[in-house]
Amino acid sequence: MKESKSNQIPSEKLWGGRFEEKASPIMERIGESISFDRKLYKEDLEGSRVHAKMLKSIGILDSQELDQILDGLKTIESEIESGKFTYTSELEDIHMHVEHRLTELKGDVGKKLHTARSRNDQVAQDVRLYIRNRIREILAIIEILREALLEQAKVNLDTIIPGYTHLQVAQPIRASHFLLAYFWMFTRDRNLFEFADSTNDELVLGSGAMAGVNYENDRDFLAKELGIPKISPNSMDAVSGRDHMLQFLFACTQTMLHASRFCEDLILYTSQEFGLVRLPDSLTTGSSIMPQKKNPDIAELIRGKAAKTIGNLNHLAVLLKGLPLTYNRDLQEDKISLFEASDTVLISLEGLAAMVKQMSFRPEKAERSLKDGFSTATDLADFLVGQKQVPFRTAHELVGKLVSECVKTNENLFTISESVRASISPHFTGEEYSRAISLELSADKKRSYGGTARDRQLEQMKLASESIDSKKRK
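Conventions we followed
- Residues numbered from 1 in each chain as written.
- Predicted model: local features only at pLDDT ≥ 70, side-chain atom pairs only at ≥ 80, totals over all residues.
- Heavy atoms only, no water.
- UniProt positions renumbered as here; feature names shortened; annotations may be inferred.
- Domains from an automatic or database assignment.
- Contact = heavy atoms within 4.5 Å.
- Buried area = accessible area lost by both parts, 1.4 Å probe.
- Salt bridge = Lys/Arg side-chain N within 4 Å of Asp/Glu carboxyl O.
- Polar contact = N/O pair within 3.5 Å; in protein donor to acceptor, adjacent residues only side chain to side chain.
- Helix = DSSP H or I, 4+ residues; strand = E, 2+ residues; numbered from the N terminus.
- Nonpolar A, V, L, I, M, F, W, Y, C, P; charged D, E, K, R; others polar.
- Buried < 20%, exposed > 50% of the residue type's maximum accessible area, 1.4 Å probe, protein only.
- Patch = residues over 30% accessible without salt bridge, like charges linked within 9 Å, V, L, I, M, F, W, Y side chains within 5 Å.
- Areas by Shrake-Rupley, 256 points an atom, 1.4 Å probe, with all protein chains shown as cover.
- Pairing = 2+ DSSP bridges.

You'll find the protein entered in an unreviewed UniProt entry as Argininosuccinate lyase, with Leptospira perolatii given as the organism. The Catalytic activity (unreviewed entry) field of the UniProt record for the protein holds the comment "2-(N(omega)-L-arginino)succinate = fumarate + L-arginine".

> When you look at the domain arrangement of the protein in this model, what are you seeing that I'm missing?
You'll often see interface size given as the accessible area lost when the parts meet. For the protein, the assigned domains are domain 1 (25-115), domain 2 (120-158 + 174-217 + 226-361) and domain 3 (369-463). When each unit is reduced to the centre of its C-alpha atoms, the spacing between domain 2 and domain 3 is 42 Å. Every contact between the two is made by 12 residues of domain 2 and, on the other side, 14 residues of domain 3. Its largest share of buried area at the contact with domain 3, domain 2 owes to Leu 157, Arg 174 and His 177, together 53% of the area lost on that side. Taken together, the connections running from domain 2 to domain 3 amount to 2 salt bridges. A salt bridge links Asp 158 to Arg 454; its shortest N-O distance comes to 2.8 Å. Across the domain 2-domain 3 interface, the total number found is 6 residue pairs in polar contact (both at pLDDT 80 or more). Contributing elements (two or more residues each) for the side of domain 2 that touches domain 3: α6 (119-155) and α7 (175-200). Among the elements that line the side of domain 2 that touches domain 3, the one with the most residues is α7, at 4 residues. For the side of domain 2 that touches domain 3, the per-class residue count stands at 7 nonpolar, 2 polar and 3 charged.

> Sorry if this is basic, but what is going on with the pattern of salt bridges here?
Opposite charge on two side chains permits pairing when their charged atoms draw close. Under the definition given, this model contains 35 salt bridges. Two residues, Lys 472 and Glu 147, come together in a salt bridge whose shortest N-O distance is 3.5 Å. Within this pair, whereas Lys 472 is found in helix α19 (residues 454-473), its partner Glu 147 is found in helix α6, the two being separated by 325 residues in sequence. A relative accessible area of 56% means that Lys 472 is categorised as exposed. Overlapping salt bridges bring together Lys 42, Arg 49, Glu 77 and Glu 81 as one network.

> What is the right way to look at the side chain of Glu 77 in this model?
Within the fold, Glu 77 resides in helix α4 (residues 63-82). One polar contact links Glu 77 to Arg 49, side chain to side chain, over a distance of 2.6 Å. Setting aside anything within four residues of it in sequence, one finds Glu 77 in contact with Tyr 41, Lys 42, Leu 45 and Arg 49.

> Would you take a moment to explain a nonpolar patch on the surface for this structure?
A contiguous nonpolar patch, built from Ile 26, Met 27 and Ile 30 and spanning about 310 Å² of accessible area, is present on the exposed surface. With respect to the helices and strands, Met 27 occurs in helix α1 (residues 25-31).

> Can you help me understand the pairing of strand β1 (residues 160-165) in this one?
Successive residues of a regular strand alternate their side chains across the two faces of the sheet. Looking at chain direction, β1 and strand β2 (residues 168-174) are connected through 6 bridges and run antiparallel. Paired with Thr 165 across the bridge in β2 is Gln 168. Linkage of β1 to β2, two consecutive antiparallel strands, is achieved through a turn of 2 residues, within which His 166 is found at a positive phi near 55°.

> What exactly am I supposed to notice about the UniProt feature "domain: Argininosuccinate lyase C-terminal" (unreviewed entry) in the protein here?
Annotation from UniProt places "domain: Argininosuccinate lyase C-terminal" (unreviewed entry) at residues 374-442. Helix makes up 70% of residues 374-442 and strand 0%, whereas the separation of the span's terminal C-alpha atoms amounts to 12 Å.

See below:
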């Protein structure tokens, strides 16, 4: 931990009046949280400013004392942001660091700040403010990602690529359809973070340790000053509840699952075997031994980071299981998962947006995969059913025989000779056959709502644009 002369290590705990023995070294080491909860300093200072103003409004502080406290908190913020602030495990957490330094700077008036609050409701509010701030950042980068996906979809409206089931070539789709699939996934993630924000945005400050406080504190004032629309109705639930954190971590997890799936597609599509997508050199790495390599490391790292986020959610769920009301020190550990997950989501979405903006499709490789993968075999069977009145099971069998013959002779539906086709079915000849197996026509036959036909893609892009525009207007 960084040391400086800006503030001195205390000789006694702020809570030490009842104790006759000094805390043991292991108590200091296992009990400290300042190594990670220093991330809450902005939120802690924000809550403390508002709490001090509330104390003034109910007569605990006078105007001069309030000014001293606000000035001291401003100095502390400056010291922290300039790297001049001293952190020590003896002061345990960010709350005690702020209070100790305030008392150093302003004397006994600093000791008044903790009137009518507990570290239990203080940290609970700090965390809620932290989640609110991180959700705003996450929503902003999700919008950047959604815009990038939509722009790529517009550019690749007429790029035909394979769609896969079981990781086998299935049917031709427009690349825009693939991109918009992820657009709607990340739209659901945006909606889920907004829901998490609504469950999180509640005032719990003023609940005290667990039963309320012995002062007529003005919680309406606190809520208004902090811009919080709801006030917790039960002080026990307020200091011990972590549902809002679970909602946030679930939103992080779902987002990272979607990010990981997209990255898996990119990893496959940029490989030599697929070759459907290129990433720029700036977003890939080489090998220390194999000079030909171009590795999609950002995609692999995001895929790996998804595992950590799933673990963060699991960690909090197991941590909460079986805790009695109300506050228990176990809850100190909840912030580790929170900080890791929010940092992971932010950097992963940033990396994902960069790849989406700069990726490019390779239509020539896509066409080869589509043809060699017999991607229009279903269209050929549907042609027999719809235009030649062949029963579907018979059509399925005839096309299956044609594909089998292609495999035997190392041909595809486009290269196999007409005489071989005619020997299987007289309908496998002429212009009708060519139209039945056309890659582009195949995509445009999928005209059902939500399908990959060109007009449906334009329809989908309009919906996507409206979704983005609606957020910009808010």
